[in-house]
Amino acid sequence: MNLASAASIEDLRRMAHRRLPAMLSGFVDSGASSEATLAANSRDFDRWTLNQRVLVDISSRSLATHFLGADRPLPFMLAPLGLTGMLWPRGEEAAARAAAASGIPYCLSTASICSLEEVVAAAGPGTVYYQLYVMTDRALTERMVERAEAAGIDTLFLTVDTIVGGIREADIRSGFRTADRPSPKAALDILRHPGWALGMLRESPRPRLGNLSEWGEFNGLMAQAAALVRQLDPTLSWTDLRWLRDRWKGRLVIKGILSVDDAQRAVDAGADAIVVSNHGGRQLDGARSAIAVLPEIAAAVGGRAEILFDSGIRRGAQIVKALALGADACMLGRAFVYGLSVAGEAGVAKAIDLVRNEMDITLALMGVTSIAELKGNGRVLVRDESAPRQ
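All values derive from a computational prediction rather than experimental measurement.

Enquirer: Any details on the overall build of the protein? Residues and values, ideally.
Expert: Counting its regular elements, the protein contains 17 helices and twelve strands. Its C-alpha atoms give the protein a radius of gyration of 20 Å, within 12% of the compact-globule value 21 Å for 390 residues. Dimensions of the protein along its principal axes, counting C-alpha atoms only, are 60 × 50 × 40 Å. Burial status across the protein gives 56% buried among its 390 residues. Expressed as a percentage of contacts within the protein between residues at least 6 apart in sequence, the contacts between residues at least 24 apart total 73%. Counting every atom, the protein has about 15,800 Å² of accessible surface; 53% of that belongs to carbon and sulfur.

In structure tokens:
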């Protein structure tokens, strides 16, 4: 597939759909239940419009900013997504290398094919963060924390909006994550995608969740993934957050915040940062879009902890809006996964470049030369078209 012809993340999405079997493209693209929140995540960005300014010297401009303890050339990073090693051989390593080459962090999911030690080795020290699920088997959770420390990871993302799995109808229909082996229909579809199939057979003939390889014996990846979902601890509470804050000496980020009250409680409990997110519309269907709630959360806790944002980002202009509305940085999820699915590391690099270029051009046409200027004048530069006029 010709990456050079991709002009947008949507182009990469279409390419990814051509390369991947239907059960995998459905897994990547689908949301929970009716997918109302999935749709709102993208649609609600249109509520906000950008202020065009002309006759401004924009010959010298930068997208550099500071978040999660370091100066970055870009105000975004790569989000944790499970099973990305099924989209491209050793996909987590490929994504981490592309992120490191662009100077931005990559957050590895607990549910990854490559282990956290392998991903850190591939990308280099200081470039990989780790996303943690709390399990009913707390010894396993403790072991995950110990391994992250031993690997030199300094930032832990605790995902708190998945104490039970959302109802993802596309996965139920395809049998993805529920069947021990592909159905005859799915097997035939795999044969129709030889590029994906041969690559996976060559590099990962028997894929497993690398971070859970020491946790029991399972009949294949899907059985292992299903067991992981069953292990998610429904008793997870603010008490557990305080335990983890005491246990983890590095930077702690709470991912899955969608209300002012929860944001304030997370910061009070010692979170260094929060991620305003509804899990990409994959958990509570009918929840508010992430961009709709961001300004309220930023007004309540901005300055007390860093605010990251994810859910629905497909365009550089959407990152511009999120930063103007109070985010310190954003997280790319499906946007980078489409590129990964098309061409591995090169595809992730392409996705990053597309978003970078869109941000740069958007800010130039707004007459803005820096991220600091954008954030300092956000409410002037971005306008809520649904608000009553004064």
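Further notes follow.
Enquirer: For helix H14 (residues 316-324), give the residues involved together with the corresponding values.
Expert: Side chains three or four residues apart in an α-helix point the same way, a direct result of the helix having 3.6 residues per turn. For H14, a buried count of eight out of nine residues is recorded, marking the element as mostly surrounded by other parts of the structure. Note on H14: the residue one or two positions beyond its end, Gly 326, has a positive phi of about 125°.

Enquirer: Account for the pattern of salt bridges, with residues named and values stated.
Expert: Under the definition given, this model contains 26 salt bridges. Note that Asp 272 and Arg 245 form a salt bridge whose closest N and O atoms lie 2.8 Å from each other. Placement of the pair is Asp 272 in the loop between helix H12 (260-268) and strand E9 (273-276) and Arg 245 in helix H11 (residues 238-247), with a sequence separation of 27 residues. For Arg 245, a relative accessible area of 17% translates into the label buried. With a shortest N-O distance of 2.1 Å, Asp 353 and Arg 356 are connected by a salt bridge. Here Arg 356 and Asp 353 lie together in helix H15 (residues 334-365), a separation of three residues that amounts to about one turn. On the basis of relative accessibility, which here comes to 39%, the residue Asp 353 falls in the partly exposed class.

Enquirer: Tell me about empty space enclosed by the protein, and please be specific about residues and values.
Expert: This model, assessed by the stated rule, comprises two cavities of 30 Å³ or more. Lining the largest cavity are Tyr 133, Val 134, Thr 159, Val 160, Asp 161, Thr 162, Ile 163, Leu 232, Asp 233 and Leu 236. When the residues that make up the lining of the largest cavity are grouped by side-chain class, the tally is six nonpolar, two polar and two charged. Considering the residues around the second largest cavity, the lining is formed by Val 134, Arg 138, Leu 158, Leu 236, Asp 240, Leu 241, Trp 243 and Leu 244. Residues belonging to the lining of the second largest cavity are distributed by class as follows: six nonpolar, no polar and two charged.

Enquirer: Go over the nonpolar core with me, naming the residues and quoting the values.
Expert: The biggest cluster of nonpolar side chains holds 113 residues, and the ones touching the most others in it are Phe 76, Leu 78 and Phe 309. Excluding anything up to four places from it in sequence, Phe 309 contacts Phe 45, Val 275, Val 276, Ala 290, Ile 291, Leu 294, Ala 322, Ala 327, Ala 329, Cys 330 and Met 331.

Enquirer: Pulling in residues and values, what's your account of the packing of aromatic side chains?
Expert: If you walk through the whole model with that rule in mind, you get three aromatic pairs. Centroid distance Phe 45 to Phe 309: 6.0 Å. Interplanar angle 80°. Geometry classified as edge-to-face. Placement of Phe 45 in the loop between helix H3 (36-43) and strand E1 (48-50) and of Phe 309 in strand E10 (residues 306-309) is noted, with a sequence separation of 264 residues between them. Residue Phe 45 is classed as buried on the basis of its relative accessible area, which comes to 0%. Between the aromatic rings of Tyr 106 and Phe 336, the centroid separation amounts to 6.3 Å while the plane-to-plane angle is 90°, which identifies the pairing as edge-to-face. Taken together, the residues span a long stretch of sequence, with Tyr 106 in strand E5 (residues 106-108) and Phe 336 in helix H15 at a distance of 230 residues. A relative accessible area of 1% means that Tyr 106 is categorised as buried. Exposure remark for Phe 336: the relative accessible area of 1% places this residue in the buried category. A cation over an aromatic ring shows up here: Arg 72 above the ring of Phe 67, its NZ or CZ 5.0 Å from the ring centre.

Enquirer: Tell me about the environment of Gly 333, and please be specific about residues and values.
Expert: Residue position: Gly 333 is located in the loop between strand E11 (329-332) and H15. A sequence separation of 20 residues divides Gly 333 from Ile 313, and the C-alpha atoms of the two residues are 7.8 Å apart. Leave out the neighbours within four places in its chain, and Gly 333 touches Ala 79 and Leu 81.

Enquirer: So, H3: which residues are in play, and what are the values?
Expert: Taken as a whole, H3 has its buried residues at Thr 37, Leu 38, Ala 40 and Asn 41. With its buried residues spanning 165° around the axis, H3 presents them on a single face. Where H3 is buried, its residues contact helix H2 (22-29), helix H13 (290-301) and H15.

Enquirer: Provide a residue-level description of the pairing of E9, including the pertinent values.
Expert: In E9, alternate side chains face the same way, and those of Ala 273 and Val 275 on one face and Ile 274 and Val 276 on the other are all buried. Handedness of the strand E8 (residues 251-257)-H12-E9 crossover: right-handed. Pairing analysis gives four bridges linking E9 to E10, with the strands arranged parallel. Among the inter-strand pairings, Ile 274 is bridged to a residue of E10, identified as Ile 307. With H13 bridging E9 and the parallel E10, this β-α-β connection has right-handed handedness.

Calculation notes
- Residues numbered from 1 in each chain as written.
- Predicted model: local features only at pLDDT ≥ 70, side-chain atom pairs only at ≥ 80, totals over all residues.
- Heavy atoms only, no water.
- Helix = DSSP H or I, 4+ residues; strand = E, 2+ residues; numbered from the N terminus.
- Rg over C-alpha atoms; globule rule 2.2 N^0.38 Å.
- Buried < 20%, exposed > 50% of the residue type's maximum accessible area, 1.4 Å probe, protein only.
- Contact = heavy atoms within 4.5 Å.
- Areas by Shrake-Rupley, 256 points an atom, 1.4 Å probe, with all protein chains shown as cover.
- Salt bridge = Lys/Arg side-chain N within 4 Å of Asp/Glu carboxyl O.
- 1 Å grid on protein atoms, 1.4 Å probe; cavity = no way out; pocket = protein on both sides within 12 Å on 5 of 7 lines; lining within 4 Å.
- Points joined across faces, edges and corners; volume = space filled by probe spheres on them.
- Nonpolar A, V, L, I, M, F, W, Y, C, P; charged D, E, K, R; others polar.
- Core = buried A, V, L, I, M, F, W, Y, C linked by side-chain atoms within 4.5 Å.
- Phe/Tyr/Trp six-rings, centres within 6.5 Å; stacked < 30°, edge-to-face > 60°.
- Lys NZ or Arg CZ within 6 Å of the ring centre and 35° of its normal.
- Arc of directions from axis to C-beta.
- Right-handed = clockwise from strand over helix to strand, strands pointing away.
- Pairing = 2+ DSSP bridges.

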